[in-house]
Amino acid sequence: MDYDTYGSTAVELAIALANADLEPDDGVSRFLAAHDEWFTAGTSLELTASDAHKAAATARLVRAVALAESQPDVLTRLNELLALARPRPYATDHDGELHLHYARPDAPVLEQLTTTVAMGLSQVVVQHGWQRLGVCSAEGCDDVYVDTSRNASRRYCSNTCASRSTVAAYRARRKS
């Protein structure tokens, strides 16, 4: 699957947000600090408790989109996520390549995060189909992923989970 570079990394941010451990009091702050390259230089990464709760709600919505089992469910959940976005796209070449940013450069960090995640995820769903989103099939893993395989056959979030599942299945067959 081939999709635009900025959109692909924006959906990777969405997936990282959905898979992040945001529960500790500093979970959202740690996530923002780890992904600070997404935010306009000078943007404060400090959030109020209410904003941290909203960021966690955004993460849950991204996960809900991936968990949906039908196109109508995906559309409902995706539109709920998009309703939180405040898109104000602009073109930039700050990294040497022309591309779009989805949120205005002076937007607060929560608005930049929510808008980028919503727009990146929606681009993949609309351009490549809702079936490209999934949740890992490995036992004990519930990470969200985007299936970029040619034949849309991915079942695991990573090679590690795929290998662990293959070894477990092999060992179970050998026992019987």
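Being a predicted model, the structure only gives us computed values, none of them experimental. (Residues numbered from 1 in each chain as written. Predicted model: local features only at pLDDT ≥ 70, side-chain atom pairs only at ≥ 80, totals over all residues. Heavy atoms only, no water.)

Novice: Account for the nonpolar core, with residues named and values stated.
Specialist: Note that soluble globular proteins tend to have their nonpolar side chains buried in a common cluster. Counting 39 residues, the largest nonpolar core has Leu 32, Leu 113 and Leu 121 as its most contacted members. When residues of this core are traced back to their parent elements, those giving at least two are helix H1 (5-19), helix H2 (27-34), helix H3 (49-67), helix H4 (71-84), helix H5 (109-128) and strand S4 (144-146). The leading source of residues in this core is H5, at 8 residues. Core analysis: the second largest hydrophobic core is formed by 7 residues, Cys 136, Cys 141, Tyr 145 and Cys 161 among them. (Core = buried A, V, L, I, M, F, W, Y, C linked by side-chain atoms within 4.5 Å. Buried < 20%, exposed > 50% of the residue type's maximum accessible area, 1.4 Å probe, protein only. Helix = DSSP H or I, 4+ residues; strand = E, 2+ residues; numbered from the N terminus.)

Novice: Now, about H5: what can you tell me, with residues and values included?
Specialist: Taking 1.5 Å per residue, 20 residues should reach 28 Å; H5 reaches 28 Å between its end C-alpha atoms and fits that length. Counted residue by residue, H5 has 15 buried out of 20 residues, so it is predominantly covered. With its phi angle positive at about 100 degrees, Gly 129 sits one or two positions after the end of H5. (Expected span 1.5 Å × (residues − 1).)

Novice: If you had to explain the environment of Asp 93 to someone new, which residues and values would you point to?
Specialist: Structurally, the position occupied by Asp 93 is in the loop between strand S1 (90-92) and strand S2 (99-101). Along the sequence, Asp 93 and Ser 158 sit 65 residues apart, while their C-alpha atoms lie 32 Å from each other.

Novice: Go over the pattern of salt bridges with me, naming the residues and quoting the values.
Specialist: As enumerated under the stated definition, the model contains 4 salt bridges in all. The closest approach of N and O atoms between Asp 106 and Arg 104, which form a salt bridge, is 3.0 Å. Assessed through its relative accessible area of 59%, Asp 106 is described here as exposed. Classification of Arg 104 by relative accessible area gives partly exposed; the value is 25%. With its nearest N and O atoms 3.4 Å apart, the salt bridge here joins Glu 111 to Arg 104. Through salt bridges with shared partners, a single ionic network connects Arg 104, Asp 106 and Glu 111. (Salt bridge = Lys/Arg side-chain N within 4 Å of Asp/Glu carboxyl O.)

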